[in-house]
Amino acid sequence: TKGEVKRYLEFVRFTVEHFKDRVDYYEIWNEPDIGWYCTKYIRVPDYVRLVKRAAPVIRSVHPEAKIVVGGASKTSYRDARECLFGVLGSDAMPLVDVVSWHPMYGTSPAVKQERAYYERYPSFVRKIKRTAEANGFRGEYRANEIGYATSETMGGGHARGYAPAVAAKYEAREILRHLGLDIGVGVPGDNYVIRRLATLMAGAEPVDLDVKVRSKAKDVVHYSFSTPDGGHLVAFWTNGKAAEVDRGRRATATLSGIASEQATGIDVLHGYEQPLNVEVTDEGVVVRDVLIKDYPTIIRVGGTEPKPVRG
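A brief look at the structure comes next.

Reading the values: the criteria
Residues numbered from 1 in each chain as written. Predicted model: local features only at pLDDT ≥ 70, side-chain atom pairs only at ≥ 80, totals over all residues. Heavy atoms only, no water. Patch = residues over 30% accessible without salt bridge, like charges linked within 9 Å, V, L, I, M, F, W, Y side chains within 5 Å. Areas by Shrake-Rupley, 256 points an atom, 1.4 Å probe, with all protein chains shown as cover. Salt bridge = Lys/Arg side-chain N within 4 Å of Asp/Glu carboxyl O. Helix = DSSP H or I, 4+ residues; strand = E, 2+ residues; numbered from the N terminus. Pairing = 2+ DSSP bridges. Axes fitted to C-alpha atoms, helices over the stretch in contact; angles between N-to-C directions. Buried < 20%, exposed > 50% of the residue type's maximum accessible area, 1.4 Å probe, protein only.

What to know about a nonpolar patch on the surface
On the surface, W36, Y37 and Y77 cluster together into a nonpolar patch covering about 430 Å² of accessible area. Among the structural elements, Y37 can be located in the loop between β1 (25–27) and α2 (44–61).

Describing the sheet that holds strand β15 (residues 297–301)
The six strands are arranged β6-β8-β9-β15-β11-β12 in an open sheet whose pairing can be described as antiparallel. Looking at which strands have only one partner, the edges of the open sheet turn out to be β6 (205–207) and β12 (272–275). Averaged over all pairs of adjacent strands, the angle between strand axes in this sheet comes to 30°, irrespective of strand direction. Here strand β11 (residues 263–267) pairs with β12 via four bridges, running antiparallel.

A few points about the pattern of salt bridges
On inspection of all chains with the given rule, the structure shows 16 salt bridges. Taking the shortest distance from any N to any O, the salt bridge between E31 and K40 comes out at 2.8 Å. The buried category is assigned to E31, whose relative accessible area is 6%. In this structure, the salt-bridge partner of E82 is R78, at a minimum N-O distance of 3.9 Å.

The structure is reproduced here in structure tokens:
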């Protein structure tokens, strides 16, 4: 109602005024698609109108603030996807700076009803970008609340609880997959894998590096990054169902367009690094005997000596 909108805008003005020296990102209404167990549901047309009213208030109080919209819950669900794309297709998109959604609550190839969504997720991200940019959006993308519960921490929409090592593997995959797709990442907790990746990936940017992998491992995915010191990171893993123990398959990786005799293998799950055998050829840097497992193995090539990733 008009009265509810008025009160909300007063709340927005007060909140931004109070936090503007400490907070740079403000999301307009988290998870507006959820109506089946709480009262925060807003129909898409009403949500779009609310964004168009609230965004100018935020700008007037804190012009440098980043305004976040979307916030759709678990986008493996159809209702969440429909809400998100309803917002992306609206005339509110030129007014905001960040599109947000919640892609993974325990989603993996081990969950039969979500397997297709998991496997096709990169194409889903490309559709998000196409739709938003076709409607005037020129900002950032952020996947928030990426989490994998264990049997002890189940709840909050997670499809199942995983063994701790398996949960950590999936979380490492999704952090790196999103960063590789140029999507910011928000995670709801803190663990050793998150800390190690935060250290390792600080300042890294996704790049389209020509990478060839020769291995008997199946369903291998990889993402490449540049680092501020002029080096590169390449993350590999097999994208099927993760197990508590995976001994991996040997592989030879060729990284074209790079000429460096320095390479380090980094294991963010167990927290160790080791030098790798490198050969510089006309094709680029050839790294032999890399183990590809069901969680990210990272090769760092060039740049300065890697920072410790133990956490």
